Number of protein chains: 2
Amino acid sequence: ANFVEIFPILKAEILKDLPLMDMPKDKIEWIDKLIEINVAGGKMNRGLTVLHSLQLLVEGRTLTRSEIFKANVLGWCVEWLQAFFLVADDIMDQSITRRGQPCWYRQTNPSSSNNSLIGNIAINDSFILESCIYTLIKKYFRNEPYYADVLDIFHETAYQTELGQLLDLTTQPNRGDFSMFTLDTYRRIVKYKTAYYSFYLPVALSMLMAGIVSKPSFDTARDILLPMGEYFQIQDDFLDCYGEPSVIGKIGRDIEENKCSWLICQAILNGTPAQIALLKKHYGLDSKVDVEIVKRIYNEIDIQKIFRQYEDQSYGQLVEKIKLVKIMPQEVFLKLLSRIYKREV
Amino acid sequence: ANFVEIFPILKAEILKDLPLMDMPKDKIEWIDKLIEINVAGGKMNRGLTVLHSLQLLVEGRTLTRSEIFKANVLGWCVEWLQAFFLVADDIMDQSITRRGQPCWYRQTNPSSSNNSLIGNIAINDSFILESCIYTLIKKYFRNEPYYADVLDIFHETAYQTELGQLLDLTTQPNRGDFSMFTLDTYRRIVKYKTAYYSFYLPVALSMLMAGIVSKPSFDTARDILLPMGEYFQIQDDFLDCYGEPSVIGKIGRDIEENKCSWLICQAILNGTPAQIALLKKHYGLDSKVDVEIVKRIYNEIDIQKIFRQYEDQSYGQLVEKIKLVKIMPQEVFLKLLSRIYKREV
Ligand SMILES: [Mg+2]
Ligand SMILES: [Mg+2]
Ligand SMILES: [Mg+2]
Ligand SMILES: [Mg+2]
Ligand SMILES: [Mg+2]
Ligand SMILES: [Mg+2]
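What you are looking at is a predicted structure, and each value in this text was computed from that prediction instead of being measured. The numbering scheme is per chain: residues are counted from 1 as the chain's sequence reads. Here the convention is simple: chains get letters from A, ligands get numbers from 1, in the order in which they are written. Where local features are concerned, this predicted model is filtered to residues with pLDDT of at least 70; where side-chain atom pairs are given and counted, the filter is 80 or more; whole-chain, interface and lining totals use all residues. Values shown for side chains rest on all heavy atoms present in the structure; no hydrogens or waters enter the calculation.

Section: the overall build of chain A
Moving on, step 1. Think of it this way: any DSSP run of H or I at least four residues long counts as a helix, any run of E at least two long counts as a strand, and we number them from the N terminus. Along chain A, the regular secondary structure elements total 14 helices and two strands.
Moving on, step 2. The reference for a compact globule is 2.2 Å times residues^0.38; the radius of gyration itself is calculated from the C-alpha atoms. Its C-alpha atoms give chain A a radius of gyration of 21 Å, within 12% of the compact-globule value 20 Å for 345 residues.
Moving on, step 3. Counting only C-alpha atoms, chain A reaches 65 × 60 × 30 Å along its principal axes.
Moving on, step 4. Per-residue burial for chain A yields a buried fraction of 57% across its 345 residues.
Moving on, step 5. Only four residue types enter the charge count, namely Lys and Arg as positive and Asp and Glu as negative; His and the chain termini do not. Each charge is placed at NZ for Lys, CZ for Arg, CG for Asp and CD for Glu. Averaging the positions of the 40 positive and the 44 negative side-chain charges in chain A gives two centres separated by 1 Å. Each residue is assigned to one of three classes by its accessible area relative to the maximum for its type, calculated with a 1.4 Å probe on protein chains only: buried under 20%, partly exposed between the two thresholds, exposed over 50%.

As for empty space enclosed by the protein
Moving on, step 1. As defined here, a cavity is a set of points on a 1 Å grid over the protein atoms alone where a 1.4 Å probe fits but cannot get out. A pocket is an open set with protein on both sides within 12 Å along at least five of seven lines, and residues line them when an atom is within 4 Å of a point. Grid points are joined across faces, edges and corners, and a volume is the space filled by probe spheres set on the points. Within this structure, the stated rule accounts for six cavities of 30 Å³ or more.
Moving on, step 2. Counted as a void, the largest cavity has a volume near 120 Å³.
Moving on, step 3. When residues of the lining of the largest cavity are traced back to their parent elements, those giving at least two are helix H2 (25-39), helix H4 (65-92) and strand E2 (101-102) of chain B.
Moving on, step 4. With three residues, H4 of chain B is the single largest residue contributor to the lining of the largest cavity.
Moving on, step 5. When residues are grouped by polarity, Ala, Val, Leu, Ile, Met, Phe, Trp, Tyr, Cys and Pro land in nonpolar, Asp, Glu, Lys and Arg in charged, and all others, Gly among them, in polar. For the lining of the largest cavity, a count of residues per class yields six nonpolar, three polar and three charged.
Moving on, step 6. Around the second largest cavity sit Asn38, Ala83, Leu86, Val87, Asp90, Arg98, Arg99, Cys103, Trp104 and Tyr105 of chain A, which together line it.
Moving on, step 7. In terms of residue count, the dominant contributor to the lining of the second largest cavity is helix H4 (residues 65-92) of chain A (four residues).

So, the coordination of the magnesium ion (ligand 4)
Residues and elements named next belong to chain B.
Moving on, step 1. Coordinating donors are taken as N, O and S atoms within 2.8 Å of the metal, stretched to 3.2 Å for Na, K and Ca; because water is absent from the atoms, sites can appear incomplete. Taken together, Asp89 (OD) and Asp93 (OD) make up the full set of protein donors to the magnesium ion (ligand 4), lying 1.9 to 2.0 Å away.
Moving on, step 2. The metal-metal distance between the magnesium ion (ligand 4) and the magnesium ion (ligand 5) is 3.3 Å, with Asp89 coordinating both.
Moving on, step 3. By relative accessible area, Asp93 is classed as partly exposed at 22%.

Comments concerning the packing of helix H1 (residues 3-17) of chain A against H4 of chain A
Two packed helices can be described by the angle between their axes and the distance between those axes.
Residue and element names in this part refer to chain A.
Moving on, step 1. Relative orientation of the contacting elements H1 and H4 amounts to 70°, with a least axis distance of 10 Å. In terms of axis orientation, H1 runs roughly perpendicular to H4. Touching Phe3, Val4, Ile6, Phe7, Ile9, Leu10, Lys11 and Ile14 of H1 are Phe69, Asn72, Val73, Gly75, Trp76, Glu79 and Trp80, all from H4.
Moving on, step 2. When its residues are assigned to classes, the contact of H1 with H4 shows eleven nonpolar, two polar and two charged. Helix axes are fitted only over the stretch in contact, all axes being lines through C-alpha atoms; the angle between N-to-C directions runs from 0 to 180 degrees. What sets the label is the angle itself: under 35 degrees gives roughly parallel, over 145 gives roughly antiparallel, 65 to 115 gives roughly perpendicular, and the rest give oblique. In what follows, a contact means two residues having at least one pair of non-hydrogen atoms within 4.5 Å.

Re the coordination of the magnesium ion (ligand 1)
Residues and elements named next belong to chain A.
Moving on, step 1. Taken together, the protein ligands of the magnesium ion (ligand 1) are Asp89 (OD) and Asp93 (OD), with distances of 1.9 to 2.0 Å.
Moving on, step 2. The distance between the magnesium ion (ligand 1) and the magnesium ion (ligand 2) comes to 3.2 Å, with Asp89 serving as a donor to both metals.
Moving on, step 3. Looking at Asp89, the relative accessible area reads 12%, which means it is buried.

Comments concerning helix H11 (residues 273-282) of chain A
Residues and elements named next belong to chain A.
Moving on, step 1. Buried within H11 are the following residues: Gln275, Ile276, Leu279 and His282. Projected down its long axis, H11 carries its buried residues within an arc of 135°, all on one side. Residues of H11 that are exposed and point more than 90 degrees away from the buried face comprise Pro273, Ala274 and Lys281.
Moving on, step 2. Among the structural elements, helix H10 (262-270) and helix H12 (288-301) are those in contact with the buried residues of H11. To obtain the arc, one takes the directions from the helix axis to the C-beta atoms.

Quick look at the packing of helix H6 (residues 147-169) of chain A against helix H6 (residues 147-169) of chain B
Moving on, step 1. Following both chains from N to C, one finds H6 of chain A and H6 of chain B inclined at 50°, their axes separated by 10 Å at the closest point. On the basis of the axis angle, H6 of chain A is oblique to H6 of chain B. The crossing of H6 of chain A and H6 of chain B is left-handed. Side by side, H6 of chain A and H6 of chain B meet where Tyr147, Ala148, Leu151, Asp152 and His155 of chain A of the first sit next to Tyr147, Ala148, Leu151, Asp152 and His155 of chain B of the second. Two helices cross in a left-handed way if the nearer one is turned anticlockwise from the farther one by less than a right angle. They cross in a right-handed way if the turn is clockwise.

Comments concerning the relation of the copies chain A and chain B
Moving on, step 1. Residues reaching a pLDDT of at least 70 in both copies supply the C-alpha atoms on which the copies are superposed by least squares. Least-squares fitting of chain A to chain B yields an RMSD of 0.0 Å, with the superposition described by an axial translation of 0.0 Å and a rotation of 180°. Here the symmetry operator amounts to a two-fold rotation axis. Taking C-alpha positions as reference, the residue of chain A nearest the rotation axis is Ala148 of chain A, located at 3.0 Å.

Brief notes about the interface of chain A and chain B
Accessible area lost when the parts come together is the quantity often used to give the size of an interface.
Moving on, step 1. Contact residues are listed per partner, giving 52 residues for chain A and 52 residues for chain B.
Moving on, step 2. By convention, the term buried area covers the 1.4 Å-probe accessible surface removed from two parts as they join, with the contributions of both added. Summed over both partners, the interface of chain A with chain B buries about 4,700 Å², with 64% contributed by carbon and sulfur atoms.
Moving on, step 3. For the chain A face of the interface with chain B, the top three residues by lost area are Phe127, Tyr159 and Leu166 of chain A, together amounting to 14%.
Moving on, step 4. We define a salt bridge as a side-chain nitrogen of Lys or Arg found within 4 Å of a carboxyl oxygen belonging to Asp or Glu. There are eight salt bridges connecting chain A and chain B.
Moving on, step 5. Note that Arg142 of chain B is salt-bridged to Asp149 of chain A, the shortest N-O span being 3.0 Å.
Moving on, step 6. The set of elements that each furnish at least two residues to the side of chain A that touches chain B consists of helix H2 (25-39), H4, helix H5 (121-141), H6 and helix H7 (183-209) of chain A.
Moving on, step 7. Grouping the constituent residues of the side of chain A that touches chain B by class yields 27 nonpolar, 14 polar and eleven charged.

As for the state of the cysteines
Moving on, step 1. Sulfur atoms of two cysteines make up a disulfide when they are within 2.5 Å. According to the stated counting rule, one finds zero disulfides over all chains in the structure shown.
Moving on, step 2. Here Cys103 of chain A stays free of any disulfide, with the sulfur of Cys132 of chain A as its closest cysteine sulfur at 20 Å.

Section: the environment of Asp125 of chain B
Moving on, step 1. Relative to the elements of secondary structure, Asp125 of chain B occurs in helix H5 (residues 121-141).
Moving on, step 2. For Asp125 of chain B and Trp30 of chain B, which are 95 residues apart along the polypeptide, the C-alpha to C-alpha distance reads 9.5 Å.
Moving on, step 3. What Asp125 of chain B contacts, discounting residues up to four positions off in sequence, is Leu166 of chain A together with Trp30, Leu34, Trp104 and Ile118 of chain B.

Some details on the packing of aromatic side chains
Moving on, step 1. Note on ring pairs: Phe, Tyr and Trp rings are taken, using the six-membered ring of Trp, and paired if centres are within 6.5 Å. Classes follow the plane angle, with under 30 degrees stacked, over 60 edge-to-face and the rest tilted. Under the definition given, this model contains 42 aromatic pairs over all chains.
Moving on, step 2. On the basis of an interplanar angle of 85° and a centroid distance of 6.4 Å, the ring pair of Tyr196 of chain A and Tyr200 of chain A is categorised as edge-to-face. One end of the pair, Tyr196 of chain A, and the other, Tyr200 of chain A, are both in helix H7, four residues apart, so they sit about a helical turn from each other.
Moving on, step 3. Residue Tyr200 of chain A is classed as buried on the basis of its relative accessible area, which comes to 6%.
Moving on, step 4. In textbook terms, an aromatic cluster arises when at least three aromatic residues are bridged by ring pairs, as seen for Phe84, Phe85, Phe127 and Tyr197 of chain A together with Phe84, Phe85 and Phe127 of chain B.

Overview of the side chain of Asp17 of chain B
Residue and element names in this part refer to chain B.
Moving on, step 1. Here Asp17 shows up in helix H1 (residues 3-20).
Moving on, step 2. Looking at Asp17, the relative accessible area reads 17%, which means it is buried.
Moving on, step 3. Every residue in contact with Asp17, bar those within four places of it in the chain, is listed here: Thr135 and Lys139.

Notes on H4 of chain B
Residues and elements named next belong to chain B.
Moving on, step 1. In this scheme, a helix's expected span is set at 1.5 Å multiplied by one less than its residue total. With 28 residues, H4 extends 41 Å from end C-alpha to end C-alpha; this agrees with the ideal 40 Å at 1.5 Å per step.
Moving on, step 2. Burial analysis of H4 places 24 of its 28 residues in the buried class, the great majority of the element.
Moving on, step 3. Following H4 by one or two positions, Gln94 has its phi on the positive side, about 50°.

Put into structure tokens, the structure is as follows:
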């Protein structure tokens, strides 16, 4: 069974416990829909990484069917973790759409007779998505020697992501105040809210499955994967402004939403006082005219060139770092890097 | 160190990691306040139960200082779990106050310059409270043979409570619709949203510490503690209407808020068609006059007598059940029951 084929199996495992827990039929359908809409349908890069990485870690040995299945279960648990965070993040950010449909909290409450929305019940739904992770890990890994390590790393990663969210949510200054838009602040937010769960977690899980127990190996992985995650988020910010909407699947809104994006941090670092004054006036407003002015100043500063330079430099530094790795196969990192370098989606 | 004295030690353990994770000072203060306000200051019955129960389980042997400390750590983790749920529950229920002060989501955002409220950032804060549980358990129990069992039971209990919340949140019918106010529905909600975490969890944790591994012991505990939790919640509903506000520390609002309370379920079972018609007209309205009418009908039906009869019957049944227990000391259950029987707070 390949990665996508495993999803319905895992969802069925979750759902089959519910009648034993006395849940009425309509609640089971609720949870079915919750999982279907929020866990499936992403790009699945994070989830796929667990198996890809395990395959490279065992260096040529063919994985058993059971190993492949289990790596993909852990991959789906990473996707479930992301779903937990995205459902809540959309409420906190008051987002409207996600993956081309209304955010979960803005969908119609299936239990209501008067077409009301799910609304804040989505908070509890996000908790349920998180709980599914531990239900699945228990079902498939309870007897593995690394069971507690898998639990520890999910707990730690969740905590890191939550700290990143706290930083993010409390670093949205009043519009026109650029004092918090520094690269230091930016990098700290991104490391915690994105890099740990998106890059370190999937590889660390594959390392546990491969039987790696040495702390230096995990330190090495972290030392490479966190900067890689930062690079990935900077690309995300770049594509929000310069990506092709039909390719990236959404219309960027970072400028409108006054986001602490890498682009605005760079504009502040590289712009003239006059340009920065104009940015302060027009950044963070939900109007086409203001967005156009911000983009015009970005072009004057030639942010695209600054990004291309950053991208090449960042890629070069990552490759240098990876070339020094002796404790585990460099391929694990090189493959991951090659999949994101100069990505357009 | 007694139970209350351990709280600042545990909070300090959480906070001391944060500078190592690169968190700025004001975020550390945020988390300090989050923990202080939401975890401390409850009645602590659930937390105290772990040590009380362990003491009875070891039947006379004096517990070591380390055992006492660890039982209390797990007790505080139960309090932390409750804090996680209450912070989110207050948002979902749109509650105003908790323990005599504004609910966390209604307190002032310490990071904002313009006195705005914490608001939905409290969602992420509830996640952080949950993560603290696993940080603490890892710090104090990582090398215990029952480490994974402790994690499993916290995961399972969280999931059960979330399913209870889902039932609760989707069983609030339109005002005047009594079709869902049945005892069956009531009992299912209460078992999942209250009984597992309030009664089964603290005792099960003490059993793990006592080295109990037999599944029948845990089944026995569940078989007694879930009905005890139901009885506790029925008392809670009774006190909401008939308790002394100065004693219970709040003014009950179940009638105003159209809650699926045990009292309304009983009134529907025992009232005449005319009384039920009047209840439909006046239940769930936030007005003194309507509440007075509901309470008058409760008195006509003599709900207080029905409750006293239920209380004696329920107590009797629990004692009967406990008397049949051979697999572990009956005292564990009798003591817990004696602490809640005929409680007024
Ligand atoms: Mg968002
Ligand atoms: Mg966000
Ligand atoms: Mg983005
Ligand atoms: Mg509530
Ligand atoms: Mg509630
Ligand atoms: Mg109550």
